[in-house]
Every structure is written in C-alpha cells, then in structure tokens.
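# Notes for the structure review
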Amino acid sequence: MRRTPEDGDGSGPDPGGVNPRSGRRETEEERADRQWSDLLQELRVAQTGVQILFGFLLAVVFQPRFADLSTTDRNIYVVTVMLGSATAAALIGPVSYHRLLTGRRMKPQTVTWAARLTKTGLGLLFCTMCSTLLLILRVALHNAAVLWLVGGMALWFLACWFVIPLRVIARGGHRGPDDENAQGTHDADGPRP
C-alpha cells in the first residue's frame, strides 16, 4: 500500500493540515501551486537574460568582422551558440511542461520536473556565459590574460549561483527544499536563513 502525505509519514500535512517540513497549512496541490508560481518568477528573470544573450550571439555571425575570426574563435562561437540554444530550450521547457500537462492533475510532478529542467538550464547558462566571455575577451585582448579573466568570472558565477545557496542549505540542512521558514513566518527583511 502506497503511503500518502496525509498518512502522517512526516513528509506531508498532519491531520490538522500543517506541513511539518514547511510549517504551512497547505495541501499538496496548494504547495504545488505556490511552488509553480515561485518557479515562474525565477524563470522570468533567467529567460529574459538568456534571450538577450542568445539574440546577441545570433547577430554576431552577420557582423563584417566575423570573417576575420580565427578558426579557434569560430569554433568557440559555434560551441557558444549551441550552449545558448540548449540553455534557452531548458529554461523555456517548463512552460511547455505546464501547457501540455495542464488539466491532467499532475501539478506536483510538473513542478518537480520543471524545477529539474530549470536547474539544468542554470548549469547550461553558466557554461554559455563563460564561453561568451571567452570569445569576446579573446577577440578584444589577444593575450594570456583572457583565461585568467574568464576563470575569475567563472568562479564568481559559481559562488553567486551555486556555492552561496548550497552553503545556506548546509547551515540549515534540516529544512526541505521548499521551506522558507520552519515556523512559516517572515521577518520584515524576508525569510530567516
């Protein structure tokens, strides 16, 4: 017999309706709706940046100076465009998931898969940004400092996008991935770490 969150296994709402992981009074469907709304807000930010970057990358090939690029720079460009395409697909994918699965009573599964695709998209965006920087700085500088600059920015992206959030998780590791606060309340400055 499959257990459900309502069975009191500690992962879902107790009989009183409070989810012990988040401290919120919400059903699985309400939680999925909230998580979907949060995910859409995050995707709006990422999609806008990706679309601008991808548009820039597509326009580069039509510039007169493109013909002067070395074979290495052209190869970097092709890799960068492919990474940008994969990034756009991953970050737009959750919209397709939602549209195709709407009305099929699969919102929790949709949120789970859309969140995974978004994480993949962020990883691809990291690669796209680094590859774009490599191409631009190689064309602009023509020296060994390029690798140091790209490496420094890659470390900065990693710190901002992954290391800091993972450190927060490690410090408060007893909370679930969708928990904003164990008591379900907020300070004036936002959720407590």
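What counts and what doesn't
- Residues numbered from 1 in each chain as written.
- Predicted model: local features only at pLDDT ≥ 70, side-chain atom pairs only at ≥ 80, totals over all residues.
- Heavy atoms only, no water.
- Helix = DSSP H or I, 4+ residues; strand = E, 2+ residues; numbered from the N terminus.
- Buried < 20%, exposed > 50% of the residue type's maximum accessible area, 1.4 Å probe, protein only.
- Contact = heavy atoms within 4.5 Å.
- Core = buried A, V, L, I, M, F, W, Y, C linked by side-chain atoms within 4.5 Å.
- Salt bridge = Lys/Arg side-chain N within 4 Å of Asp/Glu carboxyl O.

If you tally the helices and strands in the protein chain, you get 4 helices and 0 strands. The helix and strand sequence of the protein chain, counted from the amino end, reads α-α-α-α. By residue count, 30% of the 193 residues in the protein chain fall in the buried class. Expressed as a percentage of contacts within the protein chain between residues at least 6 apart in sequence, the contacts between residues at least 24 apart total 62%.

Grouped together as the largest cluster of nonpolar side chains are 11 residues: A32, W36, L39, L43, A46, V50, A88, L91, V111, A114 and L125. Those residues in contact with L39, other than ones at most four positions away along the chain, are V111, A114, A115 and T118. The next biggest cluster of nonpolar side chains, apart from the first, holds 10 residues, and it includes Y77, V81, L135 and V139.

Applying the stated criterion to the full structure yields 3 salt bridges. One salt bridge in this structure joins D73 and R138, with 2.5 Å as the shortest N-O distance. You can see D73 sitting in helix α2 (residues 71–101) and its partner R138 sitting in helix α3 (residues 107–141), a full 65 residues away along the chain.

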